[in-house]
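The lines below spell out each chain.
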Protein chains: 2
Amino acid sequence: MRLLTPTTRISRRDILLAASVALPGCASSPRVEPRGPEEEGARRARGSNSTRFVGVSSGPWRVIDIRAVRGASIPMAPFVDVLSGKDDQRSSAWALHGVASHGRYTTRQEKTALDAVTPQLGRPEATHAALIPIRKTRAWWDLTQDERRAVFEERGRHIAKSLQYLPRIARKLYHARDLGEPFDFLTWFEFAPADGPAFDELLGALRAGEEWSFVEREVELRLQRA
Amino acid sequence: MRLLTPTTRISRRDILLAASVALPGCASSPRVEPRGPEEEGARRARGSNSTRFVGVSSGPWRVIDIRAVRGASIPMAPFVDVLSGKDDQRSSAWALHGVASHGRYTTRQEKTALDAVTPQLGRPEATHAALIPIRKTRAWWDLTQDERRAVFEERGRHIAKSLQYLPRIARKLYHARDLGEPFDFLTWFEFAPADGPAFDELLGALRAGEEWSFVEREVELRLQRA
């Protein structure tokens, strides 16, 4: 059930090709800083939602596999670390940046149902993880909100399908499109080894739907707690 | 009709206080770069949606007024320049960064109605402009999509009200919240001097509604082509 769609294992050549990552760049303009304690607080709170997934030589998550599900892969790395906005000074082979933003589609009723069964990240038994960066097509982003919602849920049952796998599969979504990143979303999953087959099934279900026809690049990183 | 809500004119002390802008910072981690010509193209297209409004000593837009409508103002500057993602190396007193992203609320029907009467930016007669940075409250962002949409349009008629002022008032919205900016949105307006009163009326109408109760910081910059 795992590979419902064609996937490509990355070769050594792919790794070398993909390894042309940019050097750290400098922001060029001063920014308007927030003023006053409550604004500082608001800014800090936002900063804490900014997350970098980095490919590193040692870290808390050992890489089992990195493969391109659609489009180009990313460079192999032996470990992945997850850094918050503040502590992102670590040297790394690559970095994927995202922001845990507000929900774009979920209704109150759906959110209530999800919240009731959504587990926290970091459960001791959830020693397996996956990071799935996805970029959607121009055609997707040219849809209006009602059209995207119809593909996502009214027809696609994205939330309804995901609900069936809760609380087994913990999940956190990071938005990256507005950051100018190469991916639009980074989704992080955590689960116990025994729930690995259920996770594969969930991926298969999501990739079988209409929504996935709007995916132009997807990479799957499988990880295990080091 | 212009000042339906209490506003604060900035004082010299405010300007000095607000002038504590940060120095340009350095991004710290390498990024995964896009690969392949079509991905480069996609990245460039996104980059072109990234815009910086900067306060400068000379530029295409002369500042008539900067005032805090709610919360703290931003530093005064004699001119404003509008820079695209690539040419943001210009030295400036302050910079506000935003991304012209996809619509978050508009339905296909509404978009069709808007597109039919929406003018381009840069009309020769539109020598007046306004830049309105806004930050919404935590309570707003804690609403779900259906709740935000209800405040925005079903009850607030944000789109319906704006439609009445088209094609007189050209408008472009930039998203900034996910970028960790001090404002959530930057809205840019352009209009002919004769349509100034209509623009004031539109601002008054938007600020009179329920949606505006979720605004915690708003600054209004009035500009004239230099």
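Residues numbered from 1 in each chain as written. Chains lettered and ligands numbered in written order. Predicted model: local features only at pLDDT ≥ 70, side-chain atom pairs only at ≥ 80, totals over all residues. Heavy atoms only, no water.

Q: Before we go on, may I ask you to explain the packing of aromatic side chains in this structure?
A: By the definition in use, this model includes 18 aromatic pairs over all chains. Pairing W140(B) with W141(B) gives two aromatic rings, centres 6.4 Å apart and planes at 85°, and the pair type is edge-to-face. Aromatic rings pair up to connect F53(A), W61(A), Y174(A) and W188(A) into one cluster. The positively charged end of K136(A) is found above the aromatic ring belonging to W140(A), 3.8 Å away from the centroid. (Phe/Tyr/Trp six-rings, centres within 6.5 Å; stacked < 30°, edge-to-face > 60°. Lys NZ or Arg CZ within 6 Å of the ring centre and 35° of its normal.)

Q: Just to check I follow, could you spell out the environment of G85(B) for this structure?
A: Tracing the sequence through the fold places G85(B) in the loop between β4 (79-84) and β5 (94-99). Put simply, G85(B) and L186(B) are 101 residues apart on the chain and 15 Å apart in space, counted from C-alpha to C-alpha. (Helix = DSSP H or I, 4+ residues; strand = E, 2+ residues; numbered from the N terminus.)

Q: Explain the pattern of salt bridges here, please?
A: Pairing between side chains becomes possible if they bear opposite charge and their charged atoms approach one another. Residue and element names in this part refer to chain B. Per the counting criterion, the structure on display carries 34 salt bridges over all chains. D142 is the partner of R138 in a salt bridge, and the nearest nitrogen-oxygen pair spans 3.2 Å. Note that R138 and D142 are positioned in helix α4 (residues 138-142) at a spacing of 4 residues, about one turn of the helix. (Salt bridge = Lys/Arg side-chain N within 4 Å of Asp/Glu carboxyl O.)

Q: Would you explain the environment of E153(B) in this entry?
A: Residue and element names in this part refer to chain B. Tracing the backbone shows E153 in helix α5 (residues 145-154). In this structure, the C-alpha to C-alpha distance between E153 and E211, residues 58 residues apart in sequence, is 9.2 Å. With sequence-adjacent residues up to four places away left out, E153 is seen in contact with E110, H158, I159 and A160. Only 2.5 Å separates the side chain of E153 from the backbone nitrogen of I159, close enough to count as a polar contact. (Contact = heavy atoms within 4.5 Å. Polar contact = N/O pair within 3.5 Å; in protein donor to acceptor, adjacent residues only side chain to side chain.)

Q: Help me understand the pairing of β5(B), please; the structure alone is not making it clear to me.
A: If a strand is regular, its side chains alternate between the two faces of the sheet. Residues and elements named next belong to chain B. Summarising burial for β5: 6 of the 6 residues are buried, a large majority. Looking at chain direction, strand β2 (residues 50-56) and β5 are connected through 6 bridges and run antiparallel. Within β5, the position partnered with V54 by the bridge is A95. (Buried < 20%, exposed > 50% of the residue type's maximum accessible area, 1.4 Å probe, protein only. Pairing = 2+ DSSP bridges.)

Q: When you look at the pairing of strand β9 (residues 215-225) of chain B in this model, what are you seeing that I'm missing?
A: All names here are of chain B. A large share of β9 lies buried, amounting to 8 of its 11 residues. The sheet contact formed by strand β3 (residues 61-70) and β9 spans 8 bridges and is antiparallel. If you follow I66 over to β9, its bridge partner there is L221. Pairing of strand β6 (residues 128-136) with β9, which is carried by 7 bridges, proceeds in the antiparallel orientation. By the bridge assignment for β9, R135 is matched with R217.

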